[in-house]
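Chain by chain, the residues run as shown.
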Amino acid sequence: NKILNKKKIKNGDLILAVPSSGIHSNGYSLVRYILDKKKINIKKNFFLKKELIKPTRIYVNEVLNLIKRKLLNGCANITGGGLSDNVKRILPDGLCADIYLDKIKTLKIFKWLKQNNVSDKEMLKTFNCGVGFCIIIDPKNSNKINKFFDKEFKPYIIGKISSGRNKVKLNGKINWS
């Protein structure tokens, strides 16, 4: 109830991206398809071998610290369905998440996937694209958040909550280069 209470989220709140450690647990069927289609020997490709066995980063301790200090208005784990499907589940009616895709810090593995003819729509639906977790906070608390995260996983702003009927608006495009 402390984190799944939609009533805490309000107009003007910030949406912060917590960086992912990689693919996490979604999209491996698509990755296997690309490897087979391109006849890529994973044993001979150090980059892919390293990236595809990276453990999923879990954010439990950080989130519990934010809850304990009443700094969190909402959160969403970015799994299958991507940003849009996972963020819209936590929003109350009448509010919209305006997410700016050009703010996302995309990891190299997602750039590699995109270069293998995966559409933007499929990338955003299947993968986290570098955003492992989203937190929604009151803007007045933005300076208090970073101290709870390791340097590699410091949250950064990718959007804001506004009034609107659309639960999520994805603005702009991810920079894949």
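Scroll up a little and you will see the structure.
Because the structure is predicted, anything quoted here is derived from the model rather than measured.

Here is what the cut-offs are and how they apply
- Residues numbered from 1 in each chain as written.
- Predicted model: local features only at pLDDT ≥ 70, side-chain atom pairs only at ≥ 80, totals over all residues.
- Heavy atoms only, no water.
- Buried < 20%, exposed > 50% of the residue type's maximum accessible area, 1.4 Å probe, protein only.
- Helix = DSSP H or I, 4+ residues; strand = E, 2+ residues; numbered from the N terminus.
- Pairing = 2+ DSSP bridges.
- Core = buried A, V, L, I, M, F, W, Y, C linked by side-chain atoms within 4.5 Å.
- Contact = heavy atoms within 4.5 Å.
- Patch = residues over 30% accessible without salt bridge, like charges linked within 9 Å, V, L, I, M, F, W, Y side chains within 5 Å.
- Areas by Shrake-Rupley, 256 points an atom, 1.4 Å probe, with all protein chains shown as cover.
- Salt bridge = Lys/Arg side-chain N within 4 Å of Asp/Glu carboxyl O.

Q: I tried to follow the pairing of strand β4 (residues 131-137) on my own but got confused; where do I start?
A: For a regular strand, side chains alternate in direction, first toward one face of the sheet and then toward the other. Summarising burial for β4: 7 of the 7 residues are buried, a large majority. As judged from the 6 bridges shared by strand β1 (residues 14-19) and β4, these two strands associate in the antiparallel manner. In the strand pairing of β4, L14 is matched with I137. As paired strands, strand β2 (residues 74-77) and β4 are joined by 4 bridges and run antiparallel to one another. Residue pairing for β4: C75 is matched across the bridge by I135.

Q: What exactly am I supposed to notice about the nonpolar core here?
A: Looking at soluble globular proteins, one finds that nonpolar side chains tend to be buried together. Counting 40 residues, the largest nonpolar core has L83, V87, I99, I109, L113, F127 and I158 as the members making the most contacts within it. When near neighbours in sequence (up to four residues on either side) are disregarded, V87 contacts A76, I78, A97, I99, C134 and V168. With 17 residues, the next largest nonpolar core counts C75, I137, F149 and F153 among its residues.

Q: Looking at this structure, I do not really get a nonpolar patch on the surface. What am I missing?
A: On the surface, I58, V60 and L64 cluster together into a nonpolar patch covering about 280 Å² of accessible area. Overall, L64 belongs to the partly exposed group, its relative accessible area being 49%.

Q: Can you walk me through unusual backbone geometry in this structure?
A: Glycine aside, residues mostly have negative phi, and peptide bonds are mostly found in the trans state. Although it is not a glycine, H24 sits at a positive phi angle of roughly 65°. With respect to the helices and strands, H24 occurs in the loop between β1 and α1 (28-38). Accessibility expressed as a relative area gives 8% for H24, which makes it buried. Of note in this structure, C129 is not a glycine but carries a positive phi near 55°. On the secondary structure map, C129 appears in the loop between α6 (120-126) and β4.

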